[in-house]
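Examining the three-dimensional arrangement
Here is what each chain is made of, one letter per residue.
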Amino acid sequence: MAEPVILPFEEQLSSTVLLDLSLLTLLVICGLAMVRMRRLFGVAMLSGIYSLLSAAFFVSLDAVDVAFTEAAVGAGVSTVLVLSGMALTSRRETPVTRQRKFLPLFIVGIVGAALVYATIDMPAFGDPNAPANAYVGQAYIERSPEDIDVPNIVTAVLASYRGYDTLGETLVVFTAGLACMLLLGAGSIRGGRKVNDPQPPEAIEREERGDGDETVLSDGPR
Amino acid sequence: MFAVATVAVIVAMALVLARAILGPTLYDRVLAVNSFGTKTVLLLGLTGFLTGRPDFLDIALLYALLNFVATIAILKFFRYEALAPVMTGDVPETRAEDTRHD
């Protein structure tokens with residue numbers, strides 16, 4: 001089934017390797033700047049830039065759907081989430097002592113080395129003899145025009161071959177969203193507080209207690 | 001030609017990234033993120049044509065829309081210190097009505 005196909009690898013890669021290299025260089029610069037920076041707003045902005053860069057990198061690796069998720073979640077939603085979380089804390093990151101820096105660096109180094117070690121086993125990028133391209137993928141490409149009669153193979157796989165899987169995923173995501181809305185309360189959609197609320201501290205305390213009661217109540221039926 | 005344009009866009013991305021890292025004020029950084037999104041859209045279009053598959057152009061358009069929404073959200077955060085103007089009681093009623101449905 002896995003007949004050797006010889007593709008012009010050098011010719012394909014040489015035009016985009018420089019692009020990939022420059023994108024990865026920008027990613028490294030961006031990540032180092034995020035580590036160095038102490039103003040949290042700048043870090044949030046840089047994380048948006050990081051997401052956009054990695055989305056461009058994913059597109060250059062032909063993973064368009066992953067890239068789009070990265071751009072939507074990373075650059076859009078998580079930047080806003082980080083900003084609204086920053087509104088609740090301080091604007092600057094407090095410096096950490098040198099002893100507390102060492103253990104995270106050690107763990108990150110170990111995990112990074114393990115990940116790099118895991119990539120050694122992986123087939124080369126775009127290798128036509130890789131398992132992902134050889135067995136099931138080949139069958140999908142050959143059979144989906146007759147089986148499903150949909151021009152897009154990804155659509156055929158997602159909606160027909162793995163239809164129950166996709167239905168289950170949608171159900172899980174829907175249930176998670178529903179549970180979040182139940183936990184946070186309907187007021188969180190409006191922003192949690194009425195517009196004309198006064199600001200005395202006892203009112204805020206009362207409201208926080210109210211939120212806590214609501215959480216407990218909605219946790220029971222779930 | 002597309003290769004030269006891609007190199008130019010990469011250089012522009014590096015410059016914008018430098019502005020986002022160095023930028024003294026917050027608005028420099030917001031503008032840097034916004035124009036970085038624009039550069040990403042341009043880069044996607046250019047790489048599509050560079051590799052001979054301009055099918056990803058619609059995805060680049062969606063990136064442009066996303067970039068717009070993200071910038072609006074960031075600026076709204078600036079204006080109200082939250083995504084909904086609910087923290088203080090002295091926000092005008094009309095403005096509160098405008099933003100409540102988000």
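What you see is a predicted model; the values in this text were computed from it and never measured.

1. Looking at the overall build of chain A
Within chain A, the regular secondary structure consists of ten helices and zero strands. The buried share of chain A, taken over its 222 residues, is 14%. Across chain A, every contact between residues at least 6 apart in sequence was considered, and the portion connecting residues at least 24 apart equals 55%.

2. Let's talk about the overall build of chain B
Counting its secondary structure elements, chain B contains four helices and zero strands. Helices and strands appear in chain B in the N-to-C order α-α-α-α. Burial analysis of chain B (102 residues in total) assigns 34% to the buried set. Counting only contacts in chain B whose residues sit at least 6 apart along the sequence, the fraction spanning at least 24 positions is 36%.

3. Observations regarding helix α8 (residues 163–184) of chain A
With 22 residues, α8(A) ought to run about 32 Å at 1.5 Å a step, and its terminal C-alpha atoms sit 32 Å apart, in line with that. Burial analysis of α8(A) places just zero of its 22 residues in the buried class, a small minority of the element.

4. Details of the packing of helix α2 (residues 26–50) of chain B against helix α3 (residues 57–80) of chain B
All names here are of chain B. Two numbers describe how α2 lies on α3: the axes approach to 9 Å, and their chain directions differ by 175 degrees. Accordingly, the angle class assigned to the pair α2 and α3 is roughly antiparallel. Of the residues in α3, those in contact with Val30, Asn34, Gly37, Thr38, Thr40, Val41, Leu44, Gly45 and Gly48 of α2 are Leu57, Ile59, Ala60, Tyr63, Ala64, Asn67, Thr71, Ile74 and Leu75. Tallied by class, the residues present in the contact of α2 with α3 amount to ten nonpolar, eight polar and no charged.

5. A short note on the nonpolar core
Soluble globular proteins tend to pack their nonpolar side chains together in the buried interior. If you look at the biggest cluster of nonpolar residues, it comprises 42 residues, and the most contacted ones within it are A:Ile49 and B:Ala20. It is helix α2 (residues 40–60) of chain A that contributes the most residues to this core, eleven residues altogether. Those residues in contact with B:Ala20, other than ones at most four positions away along the chain, are A:Met45, A:Leu46, A:Ile49, B:Arg29, B:Ala32, B:Val33 and B:Phe36.

6. Notes on the packing of α2(A) against helix α3 (residues 64–86) of chain A
Residues and elements named next belong to chain A. Contact geometry for α2 and α3: axes closest at 8 Å, N-to-C directions at 175 degrees. With respect to α3, the axis of α2 lies roughly antiparallel. Here Leu40, Phe41, Ala44, Ser47, Gly48, Ser51, Leu52, Ser54, Ala55, Phe58 and Val59 of α2 come into contact with α3, specifically with Val64, Val66, Ala67, Glu70, Ala71, Gly74, Ala75, Thr79, Val82, Leu83 and Met86. A per-class count over the contact of α2 with α3 returns 15 nonpolar, six polar and one charged.

7. Some points on helix α1 (residues 2–22) of chain B
All names here are of chain B. Along its 21 residues, α1 runs 30 Å from first to last C-alpha, staying within 8% of the 30 Å computed at 1.5 Å per residue. The set of residues buried in α1 consists of Thr6, Val9, Ile10, Met13, Val16, Leu17, Ala20 and Ile21. One face of α1 carries all of its buried residues, which in axial projection span an arc of 135 degrees. Across from the buried face of α1, at angles greater than 90 degrees, the exposed residues are Val4, Ala8, Val11 and Leu22.

8. With respect to the confidence of the model for chain A
Low-confidence regions, as indicated by low pLDDT, have predicted coordinates that should not be scrutinised in detail. All names here are of chain A. Chain-level pLDDT for chain A is 77 on average; 76% of the residues reach the 70-or-more range. The least confident element of chain A is helix α10 (residues 201–219), whose mean pLDDT is 49; the most confident is helix α4 (residues 98–119), at 90. Of the regions scoring below 50 in pLDDT, residues 211–222 engages in eight contacts with residues more than four places distant in sequence or in other chains.

9. Things to note about the environment of B:Phe49
Residues and elements named next belong to chain B. Structurally, Phe49 can be placed in helix α2. Classification of Phe49 by C-beta neighbours within 10 Å gives partly exposed; the count is 15. Considering only alpha carbons, one finds Phe49 and Ala3, 46 residues apart in sequence, at a separation of 9.4 Å. Among residues more than four places away in sequence, those in contact with Phe49 are Phe2 and Pro54.

10. Some details on the confidence of the model for chain B
Residues and elements named next belong to chain B. Averaged over every residue, the pLDDT of chain B is 78; residues scoring 70 or more account for 78%. Low pLDDT (under 50) marks residues 93–102, which in the prediction has ten contacts with non-local residues, meaning those over four places away or in another chain. Taken together, the chains of this predicted complex give a pTM of 0.69 and an interface ipTM of 0.78.

The rules behind these values
Per chain, residues are indexed from 1 in the order of the written sequence. As they are written, the chains are lettered A onward and the ligands numbered 1 onward, keeping that order. With the structure being a predicted model, the display of local features is reserved for residues of pLDDT at least 70 and the display and counting of side-chain atom pairs for 80 or more, all residues being used for whole-chain, interface and lining totals. The secondary structure listing takes helices from DSSP runs of H or I that are at least 4 residues long and strands from runs of E that are at least 2 residues long, numbered from the N terminus. Buried, partly exposed and exposed are defined by the number of other C-beta atoms within 10 Å of a residue's own C-beta, namely 20 or more, between the two limits, and 12 or fewer respectively, with C-beta atoms placed from the backbone. Residues are defined as contacting one another if the C-beta atoms placed from their backbone atoms lie within 7 Å. Multiplying 1.5 Å by the helix residue count minus one yields the expected span of that helix. Only the stretch in contact is used when fitting a helix axis, every axis being a line fitted to C-alpha atoms; angles between N-to-C directions are given from 0 to 180 degrees. These descriptions rest on fixed angle ranges, namely under 35 degrees for roughly parallel, over 145 for roughly antiparallel, 65 to 115 for roughly perpendicular, and the rest for oblique. Note that Gly is not counted as nonpolar here; it falls among the polar residues with everything else outside the nonpolar set of Ala, Val, Leu, Ile, Met, Phe, Trp, Tyr, Cys and Pro and the charged set of Asp, Glu, Lys and Arg. Buried Ala, Val, Leu, Ile, Met, Phe, Trp, Tyr and Cys residues whose C-beta atoms connect them within 7 Å together make up a nonpolar core. To be clear, the arc concerns the directions from the helix axis to the C-beta atoms. Values of pLDDT, ranging from 0 to 100, describe the predictor's confidence in every residue of the model.

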